[in-house]
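# A closer look at the structure
The residues making up each chain are set out below.
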Amino acid sequence: MKKIFSTIVVVLFVCASAYAQGGHQHHHGQNHQTHHHAKGEQCEATIHGHITDSRTKEHIPYITVTIDGTTVGTTTDATGHYTLYHAPVGKLKVTVSAIGYASKTKEVEVECGSDIILNFETTEEQIAVDAIVVSANRNATKRSEAPTLVNIVDSDLLNKVSAPTLAEGLSFQPGVRVENSCQNCGFAQVRINGLSGQYSQILINSRPVFSALAGVYGLEHIPANMVERIEVVRGGGSALFGSSAIGGTINIITKEPLRNSGELAHSLTSVGVTGALDNNTTLNASLVTDDRKAGLTIYGQNRLRDAYDHDGDGFVEIPVIKSQTIGTQAYIKTSAYSKLTLDYHVTNEYRRGGDQLERPPHEVMIAETTDHLINSGGLTFEGTSKNTRHRYSVFASAQSTKRDSYYGAEMNENAYGKTDGVTAVAGGQYLYRLKWFELTAGLEYSYDYLFDNPIGYASESFYKSMIIEQHVHNASIYAQGEFKFNKWGFLVGGRLDNWYNASNKKFLCIPSPRVTLRYNPTHNINLRATYGSGFRAPQAFDEDLHILIVGGERTRIRLAEDLKEERSHSFTLSADMYKTWGRVQANLLVEGFYTILNDVFALRDYAGSDLGSTIVPIEGKDGVYDINDGARIYERYNGSGASVMGLNVEGKIAYAPWVEASAGVTLQRSKYKEPEQWSDTAEPTLNMFRSPNVYGYFTITTQPIKNFKIDLSGNYMGRMYVDHYAGGLLPDGTVLEQDRLEHTKPFFDLGVKLSYDFKIWKTIGLQVNAGVRNILNSYQNDFDRGAARDSGYIYGPSLPRSVFVGAKLSF
């Protein structure tokens, strides 16, 4: 895999450089040529021109230019000029847009064979008012006109915080927090509005292809360099994307080829300012045809991270990661109104934690090892009628995951396993649009297969009882009608899921309604109210396949026989306000949320009908066995219910081009309706675990001189309750005798990045950067020690104080 990756880096770099240079010269030379048509060809025209900054009057390179309602689009070249080939005839709207600039639209009348000059002047806009989003109603919509509030994490923010993967970049949004959940394997999960990761729907290009198996480590399997932007919808207003969108939806939009370009980058991080290094190499290359009717982008990442032992007990808190990802997105525009898009990426990742990492897993005290091979892909065909009233799309996506694993303690040779998972989604969607009304309807079928095979068990009884095999089918339909007026918008819709688990013969038919109201008293004030419902089905989830090691014992999760679906009702109210004073822009967002969970999923110790024991005997041909070989078993059952309520506040201000700042804070409360018995030795609790009452973020970017930037960023996490299981050595050397509920200290993770951009030659640039993460070393200091530690007792920032350097070559 490494040799393949290295070869691709070299080949793409050379080929893309040559192609980009040739394509640039050819394109620029044709800027003022008329595009002629032979007899019998479709009647088309050409539009060309330049785009300049209204303040500096300088030409703006690499800004996107599109014809609304069509597939025709391009970008300006390095001199700020563009050409739109194959423009259809008629009255058209041409729009220019880019990160950091205001979108501008002009109308133009196009006749057959005409050659039209259309120039634009736009202004710097660090706070986007009319960014285009797709996660609010499954259609491309201006953010200010979207029925639900959509926050955007763009590639620029991921670069500012030097995020190697999606996991490190999501926390810079109000109401969103990412945390590590295991010392041995280091898996991360995202929490939205106080709800854990299982309540969030993760999409890739609007498709729910994250399988139950891949979801455990999914955030770290998405390299930051494959992401164009991330759209975050908080609350259940995004229920049209699936039943799991209770806490919210994270829609990862991958990079689309827009121009001939390439990028090669490398960063080196010293974790804990020690010899534990994190090497991250990324590449991107895009190729498009001269007429922009076809394009291809390729991206890749190679990451090697050493393990890190924070307390020096020989058992690591941050595991080894060896990961390679290669992917592509390609399109063919079959006409000015239709387009075929292909997405594909493959990830091969190995990670290991525990002790004595150089030895085989079954020869050490504690080991958690996973080796994933994940293939994901999708095909979408979409089209629009010439009058733009009708829009349709058909799609199919799939993800295949193969995992070899070892979860074991005390030199257990029976802890090896193999797991296979497949998720497939297919469907279609239709949009009918009038000036004041939009109707969206669609159907979707998904299939999720999971087979967990514990190959290490020598006994047939052990082996058969530990196998998990799951076949889940879900056929769903959805529809919504949105009324759009000058200042008002009203949407009502819903989704009907017909869910069937073939493994246990359970069938559910559950409607999920959705209602939103939008009021815009002015263009710069957006008021919204949203209600949505959702559910989580009784099945094996991704977290069930992650086996924590507690007190030297492996832990597993089973489902209660009478487990039923968990239902939710989510309400949000928000005000999104913008103001401009000359070159100063400001934005204030206030959002209140309230979510009710009924029959909430909870965990308890399990032993038949009695709590507290860890042995579940079964009869086998060789006698009576513990089906988990002494493992501690927890049962998922329906608790009494819970509620989460709170307030998100976010402010942004920019004084272009010198300074840009944003900050957000979340105030919340997460409680069960009745005390939940999470342990047989600890008191029940009303508090939902790992849900701080206060948390927030900030980012500041300043450019004191041209080409030199300073990026400051930080995350604050208030106190929260964390479950701590007995058996491990505490920092003072004593043994934790009983499970207990911990109330953690607050953390403030402050980081800085310095970067400088050089222009090497014509269109080739070089950026060098360096910085420090977690400057204050605000990091957990009460880890359990030794082989009997609770590996799930981890919280706070993902890294101690760490320094990094990097370089990026772009062309």
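Residues numbered from 1 in each chain as written. Predicted model: local features only at pLDDT ≥ 70, side-chain atom pairs only at ≥ 80, totals over all residues. Heavy atoms only, no water.

As a further point, take the confidence of the model for the protein chain. For the protein chain, per-residue confidence averages 84 on the pLDDT scale, and 85% of positions sit at 70 or higher. Of all secondary-structure elements in the protein chain, the lowest mean pLDDT belongs to strand 37 (residues 623-626), at 35, while strand 48 (residues 802-810) reaches the highest, 97. Throughout residues 2-40 the model reports pLDDT below 50, and contacts reaching past four residues in sequence, or to other chains, amount to 63 contacts. The low-confidence segment residues 608-629, where pLDDT is below 50, has 49 contacts with residues more than four positions distant or belonging to other chains. (pLDDT = per-residue confidence, 0-100. Helix = DSSP H or I, 4+ residues; strand = E, 2+ residues; numbered from the N terminus. Contact = heavy atoms within 4.5 Å.)

Turning our attention to unusual backbone geometry. Glycine aside, the phi torsion of most residues is negative, and most peptide linkages are trans. Look at Gln356: it is not a glycine, yet its phi comes out positive at around 45°. The residue Gln356 is located in the loop between strand 22 (338-354) and strand 23 (366-384) in this model. In this model, Thr388 sits at a positive phi of 65°, which is unusual for a non-glycine residue. Following the sequence through the fold, Thr388 ends up in the loop between strand 23 and strand 24 (390-409).

Glancing now at the sheet that holds strand 15 (residues 200-204). With respect to topology, 4 strands assemble into an open sheet ordered 12-16-17-15, the strand pairing being mixed. For this open sheet the edge positions go to strand 12 (151-154) and strand 15, each flanked by a neighbour on one side alone. Sheet twist, expressed as the average angle between the axes of neighbouring strands with direction ignored, equals 15°. Relative to strand 16 (residues 227-234), strand 12 runs antiparallel, the two sharing 4 bridges. What sits directly across from Val153, in strand 16, is Ile230. (Pairing = 2+ DSSP bridges. Axes fitted to C-alpha atoms, helices over the stretch in contact; angles between N-to-C directions.)

Moving on: the sheet that holds strand 6 (residues 100-110). Strands sit in the order 3-2-5-6-9 across an open sheet of 5 strands; the sheet is antiparallel. The sheet is open, and its two edges are formed by strand 3 (73-75) and strand 9 (124-125), each paired on a single side. One ladder, built from 2 bridges, connects strand 6 with strand 9; its direction is antiparallel. Across the sheet, residue Tyr101 finds its bridge partner in strand 9, namely Glu124.

Next up on the list: the nonpolar core. Of all hydrophobic cores here, the largest spans 31 residues; its most connected members are Leu170, Val190, Leu219, Ile222, Ile230 and Ile252. Looking at this core, the elements that each hand over two or more residues are helix 2 (155-160), strand 13 (176-180), strand 14 (188-192), strand 15, strand 16 and strand 17 (248-254). Grouped together as the second largest cluster of nonpolar side chains are 21 residues, Ile60, Ala87, Leu118 and Ala336 included. (Core = buried A, V, L, I, M, F, W, Y, C linked by side-chain atoms within 4.5 Å. Buried < 20%, exposed > 50% of the residue type's maximum accessible area, 1.4 Å probe, protein only.)

Time to look at the pairing of strand 22. For strand 22, a buried count of 12 out of 17 residues is recorded, marking the element as mostly surrounded by other parts of the structure. One ladder, built from 14 bridges, connects strand 21 (residues 320-335) with strand 22; its direction is antiparallel. Looking across to strand 22, one finds that Thr325 is bridged to Thr347. If you look at the hairpin formed by strand 21 and strand 22, you'll find 2 residues sitting between the two strands. Strand direction decides the pairing type here: strand 22 and strand 23, joined by 17 bridges, are antiparallel. Bridge pairing links Gly354 to Ala367 in strand 23.

A cluster of nonpolar residues, Trp436, Phe485, Trp488, Phe490, Val492, Val515 and Leu517, forms a patch on the protein surface that exposes about 650 Å² of accessible area. Contributions of two or more residues to the nonpolar patch are made by strand 28 (488-501) and strand 29 (506-522). Exposure remark for Val515: the relative accessible area of 32% places this residue in the partly exposed category. (Patch = residues over 30% accessible without salt bridge, like charges linked within 9 Å, V, L, I, M, F, W, Y side chains within 5 Å. Areas by Shrake-Rupley, 256 points an atom, 1.4 Å probe, with all protein chains shown as cover. Salt bridge = Lys/Arg side-chain N within 4 Å of Asp/Glu carboxyl O.)

Our focus in this paragraph is the packing of aromatic side chains. For the coordinates displayed, the defined rule picks out 17 aromatic pairs. Here the aromatic rings of Trp436 and Phe483 are separated by 6.2 Å at their centres, their planes lie at 20°, and the arrangement is stacked. Here Trp436 is found in the loop between strand 25 (416-433) and strand 26 (437-453), whereas its partner Phe483 is found in strand 27 (residues 468-484), with 47 residues between them in sequence. Measuring from centroid to centroid gives 6.3 Å for Phe698 and Phe748, while their planes differ by 20°, and the two rings are stacked. One end of the pair, Phe698, is in strand 42 (residues 694-705); the other, Phe748, is in strand 46 (residues 747-761), and 50 residues separate them in sequence. (Phe/Tyr/Trp six-rings, centres within 6.5 Å; stacked < 30°, edge-to-face > 60°.)

Here the focus is the environment of Tyr62. Examined against the element boundaries, Tyr62 turns out to sit in the loop between strand 1 (44-53) and strand 2 (64-67). Since its relative accessible area comes to 33%, Tyr62 is described here as partly exposed. Residues within four places of Tyr62 in sequence aside, it is in contact with Thr75, Thr76, Asp77, Ala78, Arg259 and Thr763.

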